[in-house]
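# Structure assessment
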Amino acid sequence: MSGAGPEGRAVAAVVAPAAAPVLRVLDLGKEYKLYPTPRARLKALVTGRATHRSHWALQGVSFELARGQCIGVIGDNGAGKSSLLKLLAGTLQPSVGRIERVGRVTAILELGAGFHPDFSGRDNLYFGGSLIGIGREEMAALEPGIVEFSELGEAMDRPVKTYSSGMAVRLAFALVTAVQPDVLIIDEALAVGDQHFQKKCIERILAFRNSGCTILFCSHSPYHIRHLCDQALWLDSGRVRQFGETEAVLGAYDVHTRLRNAQDGSLQADTATAAQGAAAHDAANAQLAAETRAGEIALGAVAAARLAAGEPVESASAPPPSAAPATAVQDAGSARILDVRLADLRESLSDGEPGLLDSRDLVVTISARGWGAERPNIGFMIEQSQGVGITSLATHEEGAAPQRQPDGTWRSVLTFPKLPLHSGDYMVSAFLFDESGLVVYDQWFQFLHFRFVSPTLMPGLVRLPHEWH
Ligand SMILES: Nc1ncnc2c1ncn2[C@@H]1O[C@H](COP(=O)(O)OP(=O)(O)OP(=O)(O)O)[C@@H](O)[C@H]1O
């Protein structure tokens, strides 16, 4: 490990061999006490008599993380992911069990929540730093780097209450990541703020990972877990359901999610009350499913973070309502999709009807503006009109970099010869990523429907490549 770490880190680096655990969790449990009213809670405190109902958010959780591992934590809503991360970060105390940590543990949890609104950004650095183990002297040395990373400039001397939420988050991220930790805990918000800052955050996290920091990352996005993590931990109703190689755990979790969604569907039909609950659950699932599908090639944590922050998931550039070519608006700055064009697509004859694809081949041309001189990546997805995913492709997955055009924009042409789909209506989405494939700059999600009539009239969804003998 490199850099000017705190004493604890230097000692850990000497004492701990390469694969020694930096985090050991032993039979961990967290009980939340639920009181019927605030008054009942007060009464219980005064009289010492238990009037609460007990809810175990975590039970019997044990695992070890070695130095340099990157672990993704997945699980349904309420499975206990946030509780686990807060326990590991030390902001919550376990009810039973033990956590052994080596060196510095830093958590990117509720960013900026601990700032004092009346203090300036600069004063909050010292105040916040003392809470995460950075003393005055160390902070004085770190301050210029933090100010530079947050790009707050003169705003550093203004009270934090005058900051926009984006500014507060920038300061918080710069502060908590000012010193490379031994263990970094990230809850959902993988990237924060605008495109430019998201990219800086991801680069810093990747730099930590590359120099041996252990990362624990909780996300609803299989895409990001797949790309970042070597192992995954699946929490189910507060217990470890599976812990192991990422792909195997994500595969098992995917089957579980599909079965649960199917079950929810049938429950919904049963009773009116169940329907109400299931609708709420379904809304969460629909969001999760949308994130998961899109996240398979794109959306994921970034959208989740935007949703959590109450920001619209739609990107800055609204996709065009039809196949009509988008105008390439050359506003300054951000990377964005400029145009997605399907060749041989007939114009729709009536409202709500998809246009007919007038060819056996599907040829898609996607144009985009990148970020500075960086070569971006492009993704494309086809779904059946009922939302069944058919295929997701991305240039960075296949080493098929977009081509730079003379006007500085980027273009990819994706061809599906003899489109192997059966007759039906389909939806397409396009995505724009950064060079690493981790930052989603822009997405045109389910922005266009098309109808395809296959010359072979057979039931099914696709015509798979096949051989008869
Ligand atoms: N402060 C609290 N008091 C009481 N119950 C709580 C508290 N915090 C969480 N819980 C409960 O503990 C369980 C686990 O919650 P937790 O937030 O850890 O799950 P999660 O997996 O992070 O969920 P999500 O994906 O929805 O964020 C849930 O049933 C939740 O309702």
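Since this is a predicted model, take the numbers as computed values, not measurements. (Residues numbered from 1 in each chain as written. Predicted model: local features only at pLDDT ≥ 70, side-chain atom pairs only at ≥ 80, totals over all residues.)

## With respect to the nonpolar core
It is characteristic of soluble globular proteins that their nonpolar side chains tend to be buried jointly. Core analysis: the biggest nonpolar cluster contains 96 residues, and Ile-71, Val-73, Leu-88, Ile-185, Leu-216 and Phe-217 have the highest contact counts within it. The greatest single-element share of this core, amounting to 8 residues, is contributed by helix H6 (residues 165-176). Structurally, this core is a two-domain feature, drawing no fewer than three residues from each of domain 1 (14-104 + 181-243) and domain 2 (316-452). Excluding anything up to four places from it in sequence, Leu-88 contacts Leu-23, Ile-99, Val-105, Ile-185 and Leu-216. (Core = buried A, V, L, I, M, F, W, Y, C linked by C-beta atoms within 7 Å. Buried ≥ 20, exposed ≤ 12 C-beta atoms within 10 Å, placed from the backbone. Helix = DSSP H or I, 4+ residues; strand = E, 2+ residues; numbered from the N terminus. Domains from an automatic or database assignment. Contact = placed C-beta atoms within 7 Å.)

## As for the sheet that holds strand S2 (residues 53-66)
Sheet architecture is open: 3 strands sit in the order S2-S1-S4, paired in antiparallel fashion. Each edge of the open sheet carries a strand with a single partner, namely S2 and strand S4 (96-101). Neighbouring strand axes in the sheet, compared pairwise and without regard to direction, differ in orientation by 20 degrees on average. Here strand S1 (residues 21-34) pairs with S4 via 5 bridges, running antiparallel. By the bridge assignment, Leu-23 is partnered in S4 with Arg-101. (Pairing = 2+ DSSP bridges. Axes fitted to C-alpha atoms, helices over the stretch in contact; angles between N-to-C directions.)

## Quick look at unusual backbone geometry
Positive phi, close to 45 degrees, is recorded for Asp-27, a residue that is not glycine. Its place among the elements puts Asp-27 in strand S1. Judged by the 12 C-beta atoms lying within 10 Å of it, Asp-27 is exposed. Phi at Glu-151 takes a positive value of approximately 55 degrees, unusual for a residue other than glycine. Structurally, Glu-151 can be placed in the loop between helix H5 (136-150) and H6. On the neighbour-count criterion, Glu-151 (15 C-beta atoms within 10 Å) is partly exposed.

## Quick look at the packing of helix H4 (residues 121-131) against H5
Contact pair H4 / H5: the axes reach a minimum separation of 10 Å and the direction vectors enclose 125 degrees. Between H4 and H5, the angle falls in the class oblique. Relative to H5, the crossing made by H4 is right-handed. Residues Leu-125, Tyr-126 and Gly-129 of H4 form the contact with H5, whose own contacting residues are Arg-136, Met-139, Glu-143 and Ile-146. Residue classes in the contact of H4 with H5 are distributed as 4 nonpolar, 1 polar and 2 charged. (Parallel < 35°, antiparallel > 145°, perpendicular 65-115°, else oblique. Left-handed = near helix turned anticlockwise from the far one by under 90°. Nonpolar A, V, L, I, M, F, W, Y, C, P; charged D, E, K, R; others polar.)

## Focus: the site of the ligand
The local shell around the ligand consists of Tyr-32, Leu-34, His-55, Ala-57, Gly-75, Asn-77, Gly-78, Ala-79, Gly-80, Lys-81, Ser-82 and Ser-83. Of all the secondary structure elements, the ones that give two or more residues to the shell around the ligand are S1, S2 and helix H3 (81-89). Looking at the shell around the ligand, the element that brings in the most residues is H3, giving 3 residues. The residue makeup of the shell around the ligand, split by class, is 4 nonpolar, 7 polar and 1 charged. (Near = placed C-beta within 6 Å.)

## What about the pairing of strand S12 (residues 362-369)?
Among the 8 residues in S12, 6 count as buried, and that is most of the element. Note: strand S10 (residues 336-342) against S12, 6 bridges, orientation antiparallel. Bridging across to S12, Leu-342 finds its partner in Val-364. Relative to strand S16 (residues 410-416), S12 runs antiparallel, the two being bridged by 7 bridges.

## Brief notes about the packing of H5 against H6
Closest axis-to-axis distance for the H5/H6 pair is 9 Å, and the angle between their directions is 140 degrees. Classified by the angle their axes make, H5 and H6 are oblique. Relative to H6, the crossing made by H5 is right-handed. For the pair formed by H5 and H6, the contact residues are Ile-146, Phe-149 and Ser-150 on the first element and Arg-170, Leu-171, Ala-174 and Leu-175 on the second.

## A word on the sheet that holds S16
Here we have 4 strands laid out as an open sheet, ordered S10-S12-S16-S15, and antiparallel in their pairing. Pairing within the sheet leaves two strands with one partner each, and these edge strands are S10 and strand S15 (403-404). Inspection of the sheet shows S15 paired to S16 by 2 bridges, in the antiparallel sense. From the neighbouring strand, Arg-404 faces S16, where its bridge partner is Trp-410.

Limitation: the analysis is restricted to geometry and does not speak to function.
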